[in-house]
Amino acid sequence: MGGLHIKIRIIGGCGSGKSYIARELSGRYGIPCYETDNFVWERGPVDSRRSPEVRDARLLEAVAGKEWIIEGVHYKWGIESFRQADLIFVITPNKYVRDMRVVQRFIKTNLGLEQRNYRQSLQNLYVMLFEWNRGFDREGLLKIMELTGEFAAKRIVVKNNRDILKYVGEYAKPDHD
């Protein structure tokens, strides 16, 4: 299709499908896609954390565009991505589905079957499953809902990516206001 001018923010826990659906929408509609991890990390032979000032500047550069998709679990910084978004999707699949996806991604990337954005280790796998995802379930989701409360009119909580495709497809229809 292409030519859809929309700003989409996608947030969810590890393995919720954020990256997958962001890439799918980007390809389908020709919209630039950004991962919040790549605002945080300078990728190279050894990944290094960017300063908050550089991270925030990269985010502001992205949200200044006329259309974008920004996906990531980060919510404690980057309120501007929520403010500027036309649609905010919070993906909340079952925690076992998320965990299964995290393990599958770990296996596929370590076997070279899937491209990876960062080095994955067993320690990293443990952190994703038992610290980040459990923390997301305990407190992260509640904090995200509170943080995006002022944007509730454009915030949509979904259980799966098919719902996001449906909502964006409706938004893309010519009769959309």
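Relevant structure appears above.
Quick caveat, the model's predicted, so the values are computed rather than measured.

Participant: Can you lay out the sheet that holds strand E2 (residues 33–35) for me, pointing to particular residues and giving the numbers?
Facilitator: Two orientations exist for strands paired in a sheet by backbone hydrogen bonds: parallel and antiparallel. The sheet built from five strands is open, its strands ordered E2-E5-E1-E6-E7 with parallel pairing. The open sheet is flanked by E2 and strand E7 (155–158), the only strands paired with a single partner. Ignoring which end each strand starts from, the neighbouring axes of this sheet average 20 degrees apart. Most of the contacts of helix H1 (residues 18–29) go to strand E1 (residues 7–12), to which it runs at about 160 degrees, and overall it touches E1, E2, strand E5 (68–71) and strand E6 (87–91). Seen against the sheet, helix H6 (residues 122–147) touches E1, E6 and E7 and runs at an angle of roughly 165 degrees to E6.

Participant: Could you give me a rundown of the nonpolar core, with the residues and numbers involved?
Facilitator: Buried together is how nonpolar side chains tend to be arranged in soluble globular proteins. Of all hydrophobic cores here, the largest spans 19 residues; its most connected members are Leu-4, Ile-8, Ile-10, Leu-25, Phe-89, Ile-164 and Val-168. Ignoring sequence-local partners within four residues, the contact set of Ile-8 consists of Leu-25, Trp-68, Ile-69, Ile-70, Leu-87, Phe-89 and Val-168. Within the second largest apolar cluster, 17 residues are counted, among which are Ile-11, Ala-62, Phe-82 and Phe-151.

Thresholds applied
Residues numbered from 1 in each chain as written. Predicted model: local features only at pLDDT ≥ 70, side-chain atom pairs only at ≥ 80, totals over all residues. Heavy atoms only, no water. Pairing = 2+ DSSP bridges. Helix = DSSP H or I, 4+ residues; strand = E, 2+ residues; numbered from the N terminus. Axes fitted to C-alpha atoms, helices over the stretch in contact; angles between N-to-C directions. Contact = heavy atoms within 4.5 Å. Core = buried A, V, L, I, M, F, W, Y, C linked by side-chain atoms within 4.5 Å. Buried < 20%, exposed > 50% of the residue type's maximum accessible area, 1.4 Å probe, protein only.

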